[in-house]
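Secondary and tertiary structure notes
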Amino acid sequence: MQDSCQIPTPKNYAQLMLDKAGYQENLYGKTVLENSCGSGNILIEIVRRYIMDCRIHNFSDKKIKFGLERDIVAYEIDKEIIENCKNNLNALGREFGLVDVKWNIHNTDFLTTSVKPYDYIIGNPPYITYHNLLPKTREYLKNNYSTCSEGRFDYCYAFIEKSINSLKKKGVLVYLIPFSIFRNRFAQKVRDEIKSDLVSIYDYSGEKVFPGVTTSVAVIHIIKDSNQEYIEYFVQSSAKTEEIEKSRLKGKWFFSRKRMGLRFGDYFKIQNSVATLCNEAFLLTDYTENDNYYIVGRNKIEKQIVHEAVSVKSCKKKGIDRIIFPYKMIENGYEHFDEKELGKLYPGAVQYLKSYKEKLNKRKINDGVQWFEYGRTQALEEVYGSKLIMPMVITTKVTAYEAKPDAIPYAGYFIKTRQNSQYDLQFAKKILESNQFYEYVKNVGTPTTTTSYRVSVKEIEDFTFIN
């Protein structure tokens, strides 16, 4: 968890954030907080501007030192990092002839501390996913922060909530945040929290802000009790700015207006692939075969219960993956086997699956699922029939692959035509592989790297095309 907290903010972004906050002149007496200061990249720029502004106003060194100790406050949980930060600040102070400044840096967790309201809060809060948080930290955040009360929240949600509540009236918050906050379904309460006082968003998705880190980010600018009806939205990659009415921002936030046309989901079904929850038991990637069996080690698995397994990855390679499908496949879905019936018809397959029985029984499965079946029943009703396979995360463009009617998709999404649709799968493939669809994905998807975007079933369904 600690490593996740300490990704220094590049100097140019620290300067940019201070510019956005308007932290430039008449700074004496204006309180400013950096609540996860690390080694001080942002704090150094704050102090530099503060001293330079005081010099312009001909304040004495004694008065400047008093102001630095009173007006500039920071928090950091790592004592060793605080010492490093103070050394950096002392070096800066010496450049201006200021020594022995008692820097106001608290070695404690901002989230557990009562604080006074500030004129400015500027920072880069720690990004730590729910899965990387300690159980006791999760519990504390759930109990104390509304933005963390439900779902798989990120650590930074609590920082955003508390920082807004720690502003004076007309106080300014500028934060460097993960772009995923605008799209993550578990971040809805964060979006609700920032919406009324949000003044502007600076979209840096696709930019390499942190060297060696693939997180896409944005800068949010909030003025407490501003209650504007619109926000200014700036996109770095295109250098374009537009005004967006806040009334448009509902659910996940998308910043471009919807195109007019025909909705893809009205003509095609998009489904998540089957979820075995234990692919190693069902998926066969290293095997030999004869007329009746697929042979894995000493196990002979009956061919009648095995189907071609498809994913984007498998479609790219020369060999064919196989998957045990422990159901009766019928044209309009599937039927279950009784365990005794399955064992009688396919003893080799059952014996093979029994070697994984302990792992299969440890899965968190849907109600009614038998030990030898897939852990989730998703997609099973729709698995039979001609289909396209496409990835959940799209890089540069989509490549959609055709799959046979009885092939089993085990990763990514699969697409089928709806009953009575006037369009076929070749038409769907053409749409999905178009530049227009990729541009749409860049707008609505959640960035995972500088060129990759995770897109949901609903987002694919909502794409509109012209006949």
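Overview of the structure. Being a predicted model, the structure only gives us computed values, none of them experimental. (Residues numbered from 1 in each chain as written. Predicted model: local features only at pLDDT ≥ 70, side-chain atom pairs only at ≥ 80, totals over all residues. Heavy atoms only, no water.)

**Quick word on the overall build of the protein**
Looking only at helices and strands, the protein features 16 helices and 27 strands. Put simply, the protein has 467 residues, and 50% of those count as buried. Here the analysis covers contacts within the protein between residues at least 6 apart in sequence; of these, 71% occur between residues at least 24 apart. With an accessible surface of roughly 22,700 Å², the protein has 46% of that area assigned to carbon and sulfur atoms. (Helix = DSSP H or I, 4+ residues; strand = E, 2+ residues; numbered from the N terminus. Buried < 20%, exposed > 50% of the residue type's maximum accessible area, 1.4 Å probe, protein only. Contact = heavy atoms within 4.5 Å. Areas by Shrake-Rupley, 256 points an atom, 1.4 Å probe, with all protein chains shown as cover.)

**Notes on the sheet that holds strand S13 (residues 288-289)**
Ordered in space as S13-S14-S15, the 3 strands form an open sheet in which the pairing is antiparallel. Only two strands of the sheet have a single neighbouring strand rather than two, namely S13 and strand S15 (299-302). The pairing of strand S14 (residues 293-296) with S15 spans 4 bridges and is antiparallel. Each bridged residue has a counterpart across the sheet, and for Ile295 the counterpart in S15 is Lys300. (Pairing = 2+ DSSP bridges.)

**Some remarks on the layout of surface pockets**
In this structure, the largest pocket occupies an estimated 1,000 Å³ of space. Along the wall of the largest pocket there are 34 residues; nearest its centre are Thr129, Ser180, Asn184, Thr446 and Arg454. Among the residues forming the lining of the largest pocket, the class breakdown is 15 nonpolar, 12 polar and 7 charged. (1 Å grid on protein atoms, 1.4 Å probe; cavity = no way out; pocket = protein on both sides within 12 Å on 5 of 7 lines; lining within 4 Å. Points joined across faces, edges and corners; volume = space filled by probe spheres on them. Nonpolar A, V, L, I, M, F, W, Y, C, P; charged D, E, K, R; others polar.)

**Notes on the sheet that holds strand S23 (residues 408-409)**
Ordered by their spatial adjacency, 4 strands build an open sheet running S12-S17-S16-S23, and the pairing between neighbours is mixed. Of all the strands in the sheet, the pair left with one neighbour each is strand S12 (283-284) and S23. Relative to strand S17 (residues 321-324), S12 runs antiparallel, the two sharing 2 bridges. Residue pairing for S17: Leu283 is matched across the bridge by Ile323.

**As for empty space enclosed by the protein**
Within the structure shown, the criterion is met by 1 cavity of 30 Å³ or more. In this structure, the largest cavity spans a volume of roughly 30 Å³. Lining the largest cavity, in full, are Leu43, Val47, Ile72, Val73, Ala74, Leu89, Trp103, Asn104 and Ile105. Secondary structure elements with two or more residues in the lining of the largest cavity: helix H3 (41-56), strand S2 (72-75) and strand S3 (104-106). With 3 residues, the single largest contributor to the lining of the largest cavity is S2. Of the residues in the lining of the largest cavity, the class split is 8 nonpolar, 1 polar and no charged.

**Quick word on unusual backbone geometry**
Phi at Leu277 takes a positive value of approximately 65°, unusual for a residue other than glycine. Looking at the element boundaries, Leu277 is found in the loop between strand S11 (268-272) and helix H9 (279-282). Residue Leu277 is classed as partly exposed on the basis of its relative accessible area, which comes to 39%. Positive phi, close to 70°, is recorded for Thr396, a residue that is not glycine. Among the secondary structure elements, Thr396 is positioned in the loop between strand S21 (393-395) and strand S22 (401-403).

**What to know about the state of the cysteines**
Where two cysteines share a covalent bond between their sulfur atoms, that bond is called a disulfide. All chains considered together, the criterion is met by 0 disulfides. Looking at the unpaired Cys37, the closest cysteine sulfur is the one in Cys85, lying at 4.2 Å. A relative accessible area of 5% means that Cys37 is categorised as buried. Cys85 sits in the buried class, given a relative accessible area of 0%. (Disulfide = S-S within 2.5 Å.)

**What about the packing of H3 against helix H4 (residues 61-71)?**
The description of two packed helices rests on the angle between their axes and on the distance between the axes. In the contact formed by H3 and H4, the axes pass within 11 Å of each other and the chain directions differ by 145°. Like other packed secondary-structure pairs, H3 and H4 cross with a definite hand, here right-handed. Touching Val47, Tyr50, Ile51, Cys54 and Arg55 of H3 are Asp61, Ile64, Gly67, Leu68, Arg70 and Asp71, all from H4. Among the residues making up the contact of H3 with H4, the classes are represented as 6 nonpolar, 1 polar and 4 charged. (Axes fitted to C-alpha atoms, helices over the stretch in contact; angles between N-to-C directions. Left-handed = near helix turned anticlockwise from the far one by under 90°.)

**A few points about the pairing of strand S16 (residues 306-310)**
Along S16, 5 of the 5 residues are buried, which leaves the element largely enclosed by surrounding structure. One ladder, built from 4 bridges, connects S16 with S17; its direction is antiparallel. Within S17, the position partnered with His307 by the bridge is Ile323. In this sheet, S23 lies alongside S16 in parallel orientation, the contact comprising 2 bridges. Bridging across to S23, Ala309 finds its partner in Ile408.

**Considerations on the nonpolar core**
With 86 residues, the main nonpolar core has Tyr23, Leu68, Ile201 and Phe255 as its most contacted residues. Apart from residues no more than four positions distant in its own chain, Leu68 is found in contact with Val47, Tyr50, Ile51, Leu98, Val101 and Trp103. Formed by 41 residues, the second largest nonpolar core is a distinct cluster that contains Ala309, Val310, Phe337 and Ile389. (Core = buried A, V, L, I, M, F, W, Y, C linked by side-chain atoms within 4.5 Å.)

**Here we look at the pattern of salt bridges**
A complete count under the given rule lists 21 salt bridges for this structure. Close ionic contact of Asp19 with Arg49 constitutes a salt bridge, the shortest N to O distance being 2.8 Å. Here Arg49 lies in helix H3 and Asp19 lies in helix H2 (residues 11-21), a separation of 30 residues in the sequence. Note that Lys458 is salt-bridged to Asp462, the shortest N-O span being 2.6 Å. A cluster of three or more residues bridged by salt bridges with shared partners is formed by Arg263, Asp266, Lys458, Glu461 and Asp462. (Salt bridge = Lys/Arg side-chain N within 4 Å of Asp/Glu carboxyl O.)

Function cannot be read off these values alone, since they describe shape.
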